[in-house]
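If you want the building blocks of each chain, they are given just below.
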Amino acid sequence: MSFRAVVRALLRRWYVLVLAAVLTLAGAVVVARPPVVYRSAAVVRIKPPETPQDPSGMTDFRPSLAVIGAAVVTVLKSPSGTAELRQAGVSGEFDLAPRNTGTTKTEAYVVPTVEISVKGADPRAASRQVDVIVQHFGTQLRRLQDGKNIPAQRYITSDQLVPATALPVLGVRSRGLMGVAALGLLGGVACTLWTDEYLRSRAGRRRAA
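Below is a summary of the structure that appears in this document. (Residues numbered from 1 in each chain as written. Predicted model: local features only at pLDDT ≥ 70, side-chain atom pairs only at ≥ 80, totals over all residues. Heavy atoms only, no water.)

## Some remarks on the overall build of the protein
Reasoning step 1: For the protein, the helix and strand inventory stands at six helices and four strands.
Reasoning step 2: In sequence order, the secondary structure elements of the protein are arranged as α-α-β-α-α-β-β-α-β-α.
Reasoning step 3: Contacts in the protein between residues far apart in sequence, at least 24 positions, make up 74% of those at least 6 positions apart.
Reasoning step 4: Within the structure as shown, the protein displays about 13,600 Å² of accessible surface, and the carbon and sulfur contribution to it stands at 61%. (Helix = DSSP H or I, 4+ residues; strand = E, 2+ residues; numbered from the N terminus. Contact = heavy atoms within 4.5 Å. Areas by Shrake-Rupley, 256 points an atom, 1.4 Å probe, with all protein chains shown as cover.)

## Quick word on helix α1 (residues 3–12)
Reasoning step 1: Residues Ala5, Val6, Ala9 and Leu10 constitute the buried set of α1. One face of α1 carries all of its buried residues, which in axial projection span an arc of 135°. In α1, those exposed residues whose orientation departs by more than 90 degrees from the buried face are Phe3, Arg4 and Leu11. (Buried < 20%, exposed > 50% of the residue type's maximum accessible area, 1.4 Å probe, protein only. Arc of directions from axis to C-beta.)

## Some details on helix α3 (residues 65–77)
Reasoning step 1: With 13 residues, α3 extends 18 Å between its outermost C-alpha atoms, agreeing within 8% with the 18 Å of an ideal straight helix rising 1.5 Å per residue.
Reasoning step 2: Every buried residue of α3 is accounted for by Leu65, Ala66, Ile68, Gly69, Val72, Val73 and Leu76. Projection of α3 onto a plane perpendicular to its axis shows the buried side chains occupying an angular sector of 160°, all on one side. (Expected span 1.5 Å × (residues − 1).)

## Let's talk about the environment of Ala190
Reasoning step 1: Positionally, Ala190 belongs in helix α6 (residues 173–208).
Reasoning step 2: Its relative accessible area of 45% is what places Ala190 among the partly exposed residues.
Reasoning step 3: Along the sequence, Ala190 and Leu10 sit 180 residues apart, while their C-alpha atoms lie 9.8 Å from each other.

## Description of the packing of α3 against helix α5 (residues 123–145)
Reasoning step 1: Running from N to C, α3 and α5 point in directions that differ by 110°, and their axes come no closer than 10 Å. Classified by the interaxial angle, the pair formed by α3 and α5 is roughly perpendicular. Here α3 runs over α5; the crossing is right-handed. Residues Ile68, Gly69, Val72, Val73, Val75 and Leu76 of α3 form the contact with α5, whose participating residues are His136, Phe137, Gln140, Leu141 and Leu144.
Reasoning step 2: Looking at side-chain class alone, the contact of α3 with α5 contains eight nonpolar, three polar and no charged residues. (Axes fitted to C-alpha atoms, helices over the stretch in contact; angles between N-to-C directions. Parallel < 35°, antiparallel > 145°, perpendicular 65-115°, else oblique. Left-handed = near helix turned anticlockwise from the far one by under 90°. Nonpolar A, V, L, I, M, F, W, Y, C, P; charged D, E, K, R; others polar.)

## A look at the pairing of strand β1 (residues 38–47)
Reasoning step 1: Sheet topology places β1 next to strand β3 (residues 113–120); eight bridges connect them, and they run antiparallel. Within β3, the position partnered with Ala41 by the bridge is Ser117.
Reasoning step 2: Pairing geometry for β1 and strand β4 (residues 157–168), over nine bridges, is antiparallel. In the strand pairing of β4, Ala41 is matched with Thr165. (Pairing = 2+ DSSP bridges.)

## As for the packing of α3 against helix α4 (residues 79–87)
Angle between the axes and distance between the axes are the two parameters that describe a pair of packed helices.
Reasoning step 1: It is at 4 Å that the axes of α3 and α4 come closest, and there the two elements cross at 70°. Comparing their axes, α4 and α3 come out roughly perpendicular. Residues Val75, Leu76 and Lys77 of α3 touch α4, and the partners they reach there are Pro79, Gly81, Thr82 and Leu85.
Reasoning step 2: Residue classes in the contact of α3 with α4 are distributed as four nonpolar, two polar and one charged.

## Quick word on the side chain of Arg13
Reasoning step 1: Tracing the backbone shows Arg13 in the loop between α1 and α2 (14–32).
Reasoning step 2: Looking at Arg13, the relative accessible area reads 15%, which means it is buried.
Reasoning step 3: Leave out the neighbours within four places in its chain, and Arg13 touches Thr192, Asp196, Leu199 and Arg200.

It is worth stressing that arrangement in space is one thing and function is another; only the former is reported here.
Structure representation (C-alpha cells):
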C-alpha cells in the first residue's frame, strides 16, 4: 500500500483515529497519575561468634558469612519460606538481596549484609512487614545451626543495622507517557487501516452479490 493510499484510508476512517486518540488520552491520564506505592527497606548484618579464635562449626565451612546469609535468603524466598512469611502477615511484594560488592556482570558477595524490602500502599504496614521478615531471618539463621552441637554463645547471629524506612517509589513518568503515545499512534493507525480494508471488502462483496 502506497503512502497516498494510507493517507486516504486514514482520512476515510478518521473516526477510528479519534477513538484511538481518546483511548490513548485515557491511558496517559492513568500513567501520569499512578497509585502511590511505598518501599520500606532495612539492612540486616550477619555476625560471627564473639570468640573468633574458637569458631563454631558454621564458620569452619570457609564460605564467608555473606554466603551463609545468602543461604538464609534462598530459604526465605523459596515456596515454603514465602508461604511461612505470608502466614506471618507479609502481604506485600517483598525481596531479600545480599549486598553485591561487585558489578552486574561480575557479582561479588563478600560483605555479610542483606537488604530486606517490602512494597505496599501503606508505608507503616510495609515497615511492619519488613520487621516480620527480619525476625524470620534470625529464626532461619538459628535453624541452620540447630542440631550441630554448637554452643549457643558461639552461634552466628544477625542484627538490624538500620530501622525499616518507607519511601515512595517514583517511576520515570516521561517514559511511560512516551510509551503510551507510541502504542496509541501505532495501534490507532493499524486499527484504522484494518477497519478500512474490512469495510471496503464487505462493500465489494455486497456489490458482487
